[in-house]
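# Tertiary structure, described
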Amino acid sequence: MTTISNPSQEEIGQLLKDAKRIAVVGLSDNPARTSHEVSKVMQEAGYKIIPVNPKVDEVLGEKAVSSLSEIEEPIDIVNVFRRSEFVPAIAEEAAQTDANVFWTQLGVVSEEGYTIAKNSGKTVVMDRCIKVEHSKI
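All figures in this text were calculated on a predicted structure; none of them were measured in a lab.

The positions UniProt marks with the feature "domain: CoA-binding" (unreviewed entry) are residues 16-108. The straight-line gap between the two end C-alpha atoms of residues 16-108 is 19 Å; of that span, 24% is helix and 24% is strand.

Take the environment of Glu-62 next. Secondary-structure assignment places Glu-62 in strand 4 (residues 62-63). Once the C-alpha coordinates of Glu-62 and Asn-119 are considered, the two residues, 57 residues apart in sequence, prove to be 31 Å apart. When neighbours within four sequence positions are excluded, Glu-62 is seen to be in contact with Gln-43, Lys-48, Ile-49, Pro-51 and Asp-57.

Taken as a whole and assessed by the stated rule, the structure comprises 0 aromatic pairs. In this arrangement the basic side chain of Arg-82 is found over the ring face of Phe-86, its NZ or CZ atom lying 4.1 Å from the centre.

The next subject is the environment of Ser-69. Mapped onto the elements, Ser-69 comes out in the loop between strand 4 and strand 5 (77-80). Between the C-alpha atom of Ser-69 and that of Val-52, which follows or precedes it by 17 residues, the distance is 9.8 Å.

Looking at helix 2 (residues 34-44), one finds that the buried residues are Ser-35, His-36, Val-38, Ser-39 and Met-42. Those residues of helix 2 that are buried lie in contact with helix 1 (9-18), strand 1 (21-25), strand 2 (48-52), strand 3 (58-59) and helix 5 (130-135). With its phi angle positive at about 110°, Gly-46 sits one or two positions after the end of helix 2.

What follows covers the sheet that holds strand 5. Two pairing modes exist for strands in a sheet, parallel and antiparallel, and in both the strands are linked by backbone hydrogen bonds. The parallel open sheet is built from 5 strands, whose spatial order is 2-1-5-6-7. Looking along the sheet, the strands with just one partner apiece sit at the ends: strand 2 and strand 7 (123-125). Across the sheet, the axes of successive neighbouring strands diverge by a mean angle of 20°, strand direction being ignored. Across 4 bridges, strand 5 lies against strand 6 (residues 101-104) in parallel orientation.

Attention shifts here to helix 4 (residues 111-119). Listing the buried residues of helix 4 in full gives Gly-113, Tyr-114, Ile-116 and Ala-117. Burial along helix 4 is one-sided: seen end-on, the buried residues are contained in an arc of 165°. Exposed residues lying more than 90 degrees from the buried face of helix 4 are Glu-112 and Asn-119.

Reading guide: rules and limits
Residues numbered from 1 in each chain as written. Predicted model: local features only at pLDDT ≥ 70, side-chain atom pairs only at ≥ 80, totals over all residues. Heavy atoms only, no water. UniProt positions renumbered as here; feature names shortened; annotations may be inferred. Helix = DSSP H or I, 4+ residues; strand = E, 2+ residues; numbered from the N terminus. Contact = heavy atoms within 4.5 Å. Phe/Tyr/Trp six-rings, centres within 6.5 Å; stacked < 30°, edge-to-face > 60°. Lys NZ or Arg CZ within 6 Å of the ring centre and 35° of its normal. Buried < 20%, exposed > 50% of the residue type's maximum accessible area, 1.4 Å probe, protein only. Pairing = 2+ DSSP bridges. Axes fitted to C-alpha atoms, helices over the stretch in contact; angles between N-to-C directions. Arc of directions from axis to C-beta.

Structure follows, in structure tokens:
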């Protein structure tokens, strides 16, 4: 059984300082949804947001893609706003990307997803809000 271990506060801060592009899996076009609010704040902080959601065409002025495999530009962080049971499959897909960081939002935890992402060489942050962590740097 894997024990999920997040990077230190300092390491998380450095990951966010180094990142420029965030692929947001499950980003909703509904402004009332947490994924939308968090991504808007991150966009306003200077990050390029890439919506990954097959049900929308555009979010926050950015063209959406159906899956991580459709992203044609480099990405630094895969930020997941899907339920925990979907995390392993998303981690498998993220393993095929050039993203250095696999991040799941508050309340989203999957030991299997953690192991998959870790074994693919990603830095993994689970069960943390990227907006909250960004506010600390």
